[in-house]
Amino acid sequence: MLNIVKKFSTKAEFVYQTLLDAIVDNKLTPGTRLIVKGIASQLSVSDIPVREALKMLESSGLIETKSYVGAVVTKPSPEWIEEVFV
């Protein structure tokens, strides 16, 4: 499901970029739950870099953390889309 990207200085950066690419490529669509253990297993990392990457994605507005659900991919705002393509 997730394409593995290589050559990053930290595991959190690696996970962040992998998830970001999946969101931008619409492999992870809005509403998709992001389960820490599943992502960690798929990318062969521990839970900690996944949690750090999810915090970075949340700060950029690409995911949100919902009570009793966890991390979920959000619908990108028009401003964010414009920024990516400029």
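Residues numbered from 1 in each chain as written. Predicted model: local features only at pLDDT ≥ 70, side-chain atom pairs only at ≥ 80, totals over all residues. Heavy atoms only, no water.

Pairing between the strands of a sheet is mediated by backbone hydrogen bonds and can be parallel or antiparallel. If you trace the 3 strands from one edge of the open sheet to the other, you get S1-S3-S2, paired in antiparallel fashion. Two strands close off the open sheet at either side, each with one partner strand: strand S1 (33–34) and strand S2 (63–66). Judged from the 2 bridges that link them, S1 and strand S3 (residues 70–73) form a sheet pairing that is antiparallel. The partner of leucine 34 across the bridge, within S3, is alanine 71. Sitting on the sheet, helix H3 (residues 47–59) touches S1, S2 and S3, and the angle it makes with S2 is about 110°. (Pairing = 2+ DSSP bridges. Helix = DSSP H or I, 4+ residues; strand = E, 2+ residues; numbered from the N terminus. Contact = heavy atoms within 4.5 Å. Axes fitted to C-alpha atoms, helices over the stretch in contact; angles between N-to-C directions.)

We now examine the packing of helix H1 (residues 11–24) against H3. In contact at an axis separation of 8 Å, H1 and H3 are set at 50° when each is read in the N-to-C sense. Comparing their axes, H3 and H1 come out oblique. The handedness of the crossing between H1 and H3 comes out as right-handed. For the pair H1 and H3, the contacting residues are Lys11, Ala12, Glu13, Val15, Tyr16, Leu19, Leu20 and Ile23 in the first and Pro49, Val50, Glu52, Ala53, Leu54, Met56 and Leu57 in the second. (Parallel < 35°, antiparallel > 145°, perpendicular 65-115°, else oblique. Left-handed = near helix turned anticlockwise from the far one by under 90°.)

Along the chain, valine 72 turns up in strand S3. Taking relative accessible area as the criterion, valine 72 reaches 7% and is therefore assigned buried. Put simply, valine 72 and leucine 20 are 52 residues apart on the chain and 13 Å apart in space, counted from C-alpha to C-alpha. Not counting chain neighbours up to four residues away, the residues in contact with valine 72 comprise Gly31, Thr32, Arg33, Leu62, Ile63, Glu64 and Lys66. (Buried < 20%, exposed > 50% of the residue type's maximum accessible area, 1.4 Å probe, protein only.)

With respect to the helices, strands and loops of the structure, threonine 18 is situated in helix H1. There is a polar contact of 2.7 Å between the side chain of threonine 18 and the backbone oxygen of phenylalanine 14. (Polar contact = N/O pair within 3.5 Å; in protein donor to acceptor, adjacent residues only side chain to side chain.)

Next up on the list: helix H2 (residues 36–43). At 3.6 residues per turn, the α-helix brings residues three or four places apart onto the same side. Every buried residue of H2 is listed here: Val36, Ile39, Ala40 and Leu43. Take H2 and look down its axis: the buried residues cluster within an arc of 100°, on one side only. Projecting away from the buried face of H2 at angles above 90 degrees are the exposed residues Lys37 and Ser41. The secondary structure elements touched by the buried residues of H2 are H1, S1 and H3. Once H2 finishes, serine 44 follows within two positions and takes phi at roughly 55°, a positive value. (Arc of directions from axis to C-beta.)

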